[in-house]
Amino acid sequence: MTDTNSETIPETSENGRYLCADVLSCLGVMLLLGLQYIQQTGFLDATVSYESAPFIAIRWFCLSGAMLLCGCMGYVLSTKKFSLHSFKPLLRLGYLYLITSLCTMLLQKFLFEQEMNLDTILKTLYQFTATDTTKFIAMYFALLLAAPFLSTAFQGLKTRNARLAFVVISAAVSTLQPMLIISGEYLLPEWCKMLAPVAGFVGGAFVKRYAREHSRILWLFLLLLVWGGQTACVVYICTDRGILYYPQFDSMASMLSLLTALLMLSLFHSKKRGESGRHSFFAGASGGALSALILGDVIIDFLMPSITENFPDPEMLMLVGCLAVLVVFILCCTIGLFLQIPVFLVSTFTDTPEYEEDDENNEEPETEEEKIPETPVRKPFRALEPILEVIPKPEPMPETIHNIPVSAPETKIIPAPEPVPELKEPKQPVKLQTPPYEKKTDQLSKESIDELIAKITGN
């Protein structure tokens, strides 16, 4: 961005949009459209071999589209305050569903010559059966109604372990139902599968709160492990059977679809919010993507005969399908944005925009149990510098000492000391007087010596 744009449109904002959630919402819709495209190609009825592994991998990746949409909703709505404004998006979604469904039925009448009357239209709107992908709009309605209550329940739990238990229990009850099947009989009732969007919503809320951006390599490794593992199992088992039949994994509500969606959300997780140009672009695309869930199926059905005629090769059919799904998505998003022009005009004269109230910054501090130690950031090494010795400055002398002004010291010249005169030696030696006790000692010694000599000589 240039400097001018950075002044007018801030790059980050506390009330902006989550770019990762908007982008992944668009990806989730494209995955669901890709699933419809694969179904229209007749791949499900084709003979399965080891060469079918790339196509099976693409199909199993597309199965996670519904859970990815639920996870994105939980990522965005899990920190909203409970109020009447929480149900405001239902008005826009209801209008978008009504006008898009009517346009879809009009296209079906002209393109496929389907009969339409008032009873058929009302029944179609009530049962969400305009297209095969319209049922995901019903899932959106249900989650928007339950979002304030699910968010309150999730935020009401005080510790990380309690919230993780909430995610695990909801996932075990709902997403294990399609996988626990023995001899064609399910061990759990079928209505448990209807709770799978709740597990996706709560899982997205958990990712929003606890996922760490520095663990992206781990999330990518786990994503490839889950995706590649289920693809290898399906290819190995279905190759012997010759047909693509593996009901334990072949469901949007399975545990593996939930794990794939949450790992993708963790991989692109970012709490940064903004109001820049790219945020606005993907925000509009995610809003128009709801129209693509209804209109996209009709447009794909209309384009499939010409695509299969021009590209009969299965490999080319899959490659063309990626481009076709992208073009259909962009076309449907554009139509959806034009259909929402009345909503945009009304919102400019109303109060706050939707989803403005956010309780993310007012969350209670985490307890010691749920705090996750973060890896310390290493500081870069710097070159060693010599240590400079700081010599303290002398303290200034006080102006007065005992109220006696102290003047600046004057410089005085001290005269050199005079030379000391040398002492002259006396001409005559000075005789020292012997003490009286020394004289007595000398006299005694002379007398005793004379007497001794006289005795020896006999004199």
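In what follows, the accompanying structure is described.

With that out of the way, let us pick up the overall build of the protein. From N to C terminus, the protein includes 15 helices and six strands. The burial tally for the protein puts 39% of its 459 residues in the buried class. In the protein, 85% of the contacts between residues at least 6 apart in sequence involve partners at least 24 apart.

It is worth spelling out the pattern of salt bridges at this point. Under the definition given, this model contains two salt bridges. Between D22 and R17 there is a salt bridge, with its nearest N and O atoms 2.8 Å apart. In this structure R17 comes out as partly exposed when scored by relative accessible area, which is 32%. The salt bridge partner of R59 is D250, with a shortest N-O separation of 2.9 Å.

This paragraph deals with the packing of helix α12 (residues 277-310) against helix α13 (residues 314-339). With their axes 6 Å apart at the nearest point, α12 and α13 run at an angle of 135° to one another. With respect to α13, the axis of α12 lies oblique. Here α12 runs over α13; the crossing is right-handed. A per-class count over the contact of α12 with α13 returns 18 nonpolar, six polar and no charged.

Okay, the nonpolar core next. V29, I56, V234, L244 and F329 are the most contacted members of the largest nonpolar core, which totals 90 residues. Setting aside anything within four residues of it in sequence, one finds I56 in contact with F43, V48, T231, V234, V235 and L244. Listed in part, the six residues of the second largest apolar core include F154, V202, F206 and Y210.

Calculation rules
- Residues numbered from 1 in each chain as written.
- Predicted model: local features only at pLDDT ≥ 70, side-chain atom pairs only at ≥ 80, totals over all residues.
- Heavy atoms only, no water.
- Helix = DSSP H or I, 4+ residues; strand = E, 2+ residues; numbered from the N terminus.
- Buried < 20%, exposed > 50% of the residue type's maximum accessible area, 1.4 Å probe, protein only.
- Contact = heavy atoms within 4.5 Å.
- Salt bridge = Lys/Arg side-chain N within 4 Å of Asp/Glu carboxyl O.
- Axes fitted to C-alpha atoms, helices over the stretch in contact; angles between N-to-C directions.
- Parallel < 35°, antiparallel > 145°, perpendicular 65-115°, else oblique.
- Left-handed = near helix turned anticlockwise from the far one by under 90°.
- Nonpolar A, V, L, I, M, F, W, Y, C, P; charged D, E, K, R; others polar.
- Core = buried A, V, L, I, M, F, W, Y, C linked by side-chain atoms within 4.5 Å.

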